[in-house]
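Notes for the structure review
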Amino acid sequence: MNSIKRLLALLLSILLLLPLVACQKPQPQDEGQEEEPVEEEPADLVSGVFEGEGKGKYGTFKVAVTLENSEIKDIKVLESSESGFTSTVIEQLFGEMIASNSTDVDAVSGATLTSMAVKTSVNDAVKKANVELSPKEVTAQEEKVEDVTTDIVIVGSGGAGLTAAIEATNKGAEVIVVEKMAFMGGNTNYATGGMNAAGTKYQEAKGIEDSPELFYQDTMKGGYNKNDPELLKYLTEKSAETIYWLESLGADLHEIGRSGGQSVDRIHKGPGGMPVGTHLMDVFTKQVKELGIDVRLNTKAVEILTDGDKVTGIKVENKDGNTYNINAKAVILASGGFGANPELVEKYKPSLKGFGTTNQPGATGDALLMVEKLDVALTDIAEIQTHPTVVPFYNEMITEGIRGDGAILVNRDAKRFVNELETRDVVSEAVLAQEGKTAFLVLDKTVFEKASTYKSYRDQGFLKEAATLDDLAKLMDVDAEALKQTIEDYNKYVREKSDPDFGRTSLEVELVTGPFYYVEIAPAIHHTMGGVKINTNCEVINNSGQVVKGLYAAGEVTGGVHGGNRIGGNAVADITVFGRTAGAKAAEAVKGE
Ligand SMILES: Cc1cc2nc3c(=O)[nH]c(=O)nc-3n(C[C@H](O)[C@H](O)[C@H](O)COP(=O)(O)OP(=O)(O)OC[C@H]3O[C@@H](n4cnc5c(N)ncnc54)[C@H](O)[C@@H]3O)c2cc1C
């Protein structure tokens, strides 16, 4: 028995020793014996995790780059203030860098600054690792394409397209959204100030007396009575319930302010002054994921398919240039405006030739060409709005909300020249009439602290800061005494609640608390009010006044709601009210068949 135990103990100790022996480094052989070749990692190959930093659109962008034998294996974001919509862009660039073991990748159109931040931060990490990357040949794998069939196909993934997609999906329809850019959101990503709605519980809580009728009157007046009365009535009546619907999806729109051309505080802002577009796109993106909506990025609609007088789907082109058909019982056009298409802008409004634009590069009015073969009616197509306060060359729009919050406009003589809260066309004209065709927005600390967006303007270097008005005048290169006099006069008007110079009625904040800020601005193309004609069911109308069967449209691609001039905050109302309606009506139609 004992001998068996001893044998077992011996076997066990041999088994326990085996892995240790196996793990030991090979030892030098006895002298005179031939050495086994030992594979060693070359000294110049680097492995480890290295951090790098770059400057994004809204601040520092930090990454951690994992290198294995001098090859990029992983990249993670450590710090970022970039807009939510850029997350797909960042992932795409990381993927390309890992695949090619190189930072020499193309910037993504519409997200150039974020792309640059990704490149500089990864380059910085690689530099810190003291590594020379050896780029790998990447054989591009073409995406397989084949025709597909669905209930509803939606062109464009901005606010109109996604609200339509969410509502249609919730009503039981199968939906595909196509987006030609590498990310969702279009101009909706850029919407800053807020969304107008009348008679909301939030206005009521603040004692603001408002109604759809007053909203209608203000908008008609602002649009020079060119607005489509039925569409506008529908918009104003549905605005409050749409705020609550958005909140049911996860939005928070309880903060209220004033934008130009409104007689009461009506613009519902993102939480904490967060840009409304960023906020809503976060909400929509989450919904898209939760509902499992099929959104196809880098997929451009190039043609509307028809069978007789009925629309039957669209032809799309993917990023490899290959085309396929998406057959559908209904098509919703939600492809936005044409503010970034200089040829179309010049065609419809020659006086705007050479103007900058606040729009994303995908706002090229593709739908206008696609609907030609259907003889679709266009409404107010020459009505193109400039935004009065855009930073020249950078095309960064300074939201109208900053004037609503108390900023004033002065010219090179440091004098005010307009009621800052006039409609955009009036303020744009007034700025263009000043020396140099630019002007300065001036504000103090109290105004500056009213919204987080203003801090981001400063962090990006647009808002310049000075401790005193004398110092500010120096920065602006204007006469200090004149600037101080203008501000003293304005502060008096605030105290007296009356502006005898220009009739400004929103006089809330005296500009007395330093530091003071200014930014130089000029008008740029901002919104295309005209577009395809729709009825209140969002059905597209042709030149004979007939509904084009199976074709719906919503958002900036349509015309009629805004007439001759859009009031700030009305586009987000437009895209959400009509986007939701388009989704509901298209779903009802396809499900009812
Ligand atoms: C800087 C800025 C600030 C603004 N601030 C406000 C604000 O505070 N309040 C307000 O009410 N309005 C604001 N607006 C206006 C408002 O943002 C837009 O009018 C609105 O977001 C348009 O929404 P949309 O869904 O119709 O179009 P978009 O959001 O532009 O979406 C259309 C999408 O369709 C895609 N697309 C185009 N053609 C094709 C094609 N052929 N195939 C596939 N996809 C295609 C585009 O790439 C885009 O992603 C602002 C606009 C800008 C530019």
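Residues numbered from 1 in each chain as written. Predicted model: local features only at pLDDT ≥ 70, side-chain atom pairs only at ≥ 80, totals over all residues. Heavy atoms only, no water.

Each helix and strand in the protein chain was counted, giving 17 helices and 22 strands. The dimensions of the protein chain, computed from C-alpha atoms along their principal axes, are 110 × 70 × 50 Å. Evaluated residue by residue, the protein chain yields a buried proportion of 53% over its 593 residues. The contacts in the protein chain between residues at least 6 apart in sequence include a share of 70% that link residues at least 24 apart. Carbon and sulfur atoms make up 50% of the accessible area of the protein chain, which amounts to about 27100 Å² in all. Of the charged side chains in the protein chain, 59 are positive and 90 negative, and the gap between their average positions amounts to 4 Å. (Helix = DSSP H or I, 4+ residues; strand = E, 2+ residues; numbered from the N terminus. Buried < 20%, exposed > 50% of the residue type's maximum accessible area, 1.4 Å probe, protein only. Contact = heavy atoms within 4.5 Å. Areas by Shrake-Rupley, 256 points an atom, 1.4 Å probe, with all protein chains shown as cover. Lys, Arg positive; Asp, Glu negative; His and termini not counted. Charge placed at Lys NZ, Arg CZ, Asp CG, Glu CD.)

Of all residues adjacent to the ligand, which total 41 residues, the nearest are Glu179, Thr188, Gly193, Glu556 and Val572. Within the side chain of Glu179, one N or O atom sits 2.6 Å away from an oxygen atom of the ligand. Contact with the protein chains removes 98% of the 1000 Å² of surface that the ligand exposes when unbound. Broken down by element, the shell around the ligand gets its largest block of residues, 4 residues, from helix α17 (residues 570-592). The residue inventory of the shell around the ligand, partitioned by class, reads 12 nonpolar, 23 polar and 6 charged. (Near = heavy atom within 4 Å. Polar contact = N/O pair within 3.5 Å; in protein donor to acceptor, adjacent residues only side chain to side chain. Nonpolar A, V, L, I, M, F, W, Y, C, P; charged D, E, K, R; others polar.)

Right, let's get into the sheet that holds strand β7 (residues 255-257). Strands sit in the order β6-β8-β7 across an open sheet of 3 strands; the sheet is antiparallel. Bordering the open sheet on either side are β6 (195-196) and β7, each of which pairs with just one other strand. Across 3 bridges, the pairing between β7 and strand β8 (residues 267-269) is antiparallel. The partner of Gly257 across the bridge, within β8, is Ile267. (Pairing = 2+ DSSP bridges.)

Moving on, we come to the nonpolar core. Counting 90 residues, the largest nonpolar core has Ile152, Ile314, Leu333, Leu551 and Phe578 as the members making the most contacts within it. Sorting elements by how many residues they give to this core places α17 first, with 9 residues. Counting 44 residues, the second-largest nonpolar core is a separate cluster that includes Ala451, Tyr490, Val509 and Tyr517. (Core = buried A, V, L, I, M, F, W, Y, C linked by side-chain atoms within 4.5 Å.)

A separate point is the packing of aromatic side chains. In this structure the tally under the stated criterion is 7 aromatic pairs. Where Phe85 meets Phe183, the ring centres are 4.8 Å apart and the plane angle is 45°; that geometry is what we call tilted. Taken together, the residues span a long stretch of sequence, with Phe85 in the loop between β3 (71-79) and α2 (87-100) and Phe183 in the loop between β5 (175-178) and β6 at a distance of 98 residues. In this structure, Lys201 is placed above the aromatic ring of Tyr244, and the distance from its NZ or CZ to the ring centre is 5.0 Å. (Phe/Tyr/Trp six-rings, centres within 6.5 Å; stacked < 30°, edge-to-face > 60°. Lys NZ or Arg CZ within 6 Å of the ring centre and 35° of its normal.)

It is common to give the size of an interface as the accessible area lost on bringing the parts into contact. Domain boundaries assigned for the protein chain yield domain 1 (48-128), domain 2 (154-192 + 275-383 + 529-592) and domain 3 (386-524). Look at where the C-alpha atoms of domain 1 and domain 3 centre, and you get two points 37 Å apart. (Domains from an automatic or database assignment.)

Once that is clear, we can look at the pattern of salt bridges. Pairs may arise between side chains of opposite charge once their charged atoms sit close together. In the structure shown here, the tally under the stated rule is 36 salt bridges. A salt bridge links Lys136 to Glu71; the shortest N-O distance between them is 3.4 Å. Here Lys136 is found in the loop between α3 (112-128) and β4 (148-155), whereas its partner Glu71 is found in strand β3, with 65 residues between them in sequence. The class for Glu71 is partly exposed, based on a relative accessible area of 27%. Of the charged contacts, one joins Asp459 and Lys455 as a salt bridge, the two residues approaching to 3.0 Å between their closest N and O atoms. Placement of both Asp459 and Lys455 in helix α14 (residues 452-459) is noted, with a separation of 4 residues, approximately one turn of the helix. For Asp459, a relative accessible area of 33% puts it in the partly exposed group. Where salt bridges share partners, they join Glu167, Lys238, Glu241 and Arg580 into one cluster. (Salt bridge = Lys/Arg side-chain N within 4 Å of Asp/Glu carboxyl O.)

A regular strand carries its side chains on alternate faces of the sheet. With 5 of 7 residues buried, strand β22 (residues 547-553) lies mostly within the body of the structure. Taken together, the 3 bridges between strand β12 (residues 323-333) and β22 define a ladder with parallel strand orientation. Each residue of the ladder has a partner; that of Val331, found in β22, is Leu551. Judged from the 2 bridges that link them, strand β21 (residues 539-541) and β22 form a sheet pairing that is antiparallel.

To continue, consider the packing of helix α7 (residues 229-249) against α17. For any two helices packed against each other, one specifies the crossing angle of their axes together with the interaxial distance. The interhelical angle for the contact between α7 and α17, taken along N-to-C directions, is 85°, at an axis separation of 8 Å. Our classification of the angle between α7 and α17 gives roughly perpendicular. In this structure, α7 uses Leu231, Tyr234, Leu235, Lys238, Ser239, Glu241, Thr242, Trp245 and Leu246 to contact α17, whose residues at the interface are Ala573, Asp574, Thr576, Val577, Phe578, Arg580 and Thr581. Taken together, the residues of the contact of α7 with α17 sort by class into 8 nonpolar, 4 polar and 4 charged. (Axes fitted to C-alpha atoms, helices over the stretch in contact; angles between N-to-C directions. Parallel < 35°, antiparallel > 145°, perpendicular 65-115°, else oblique.)

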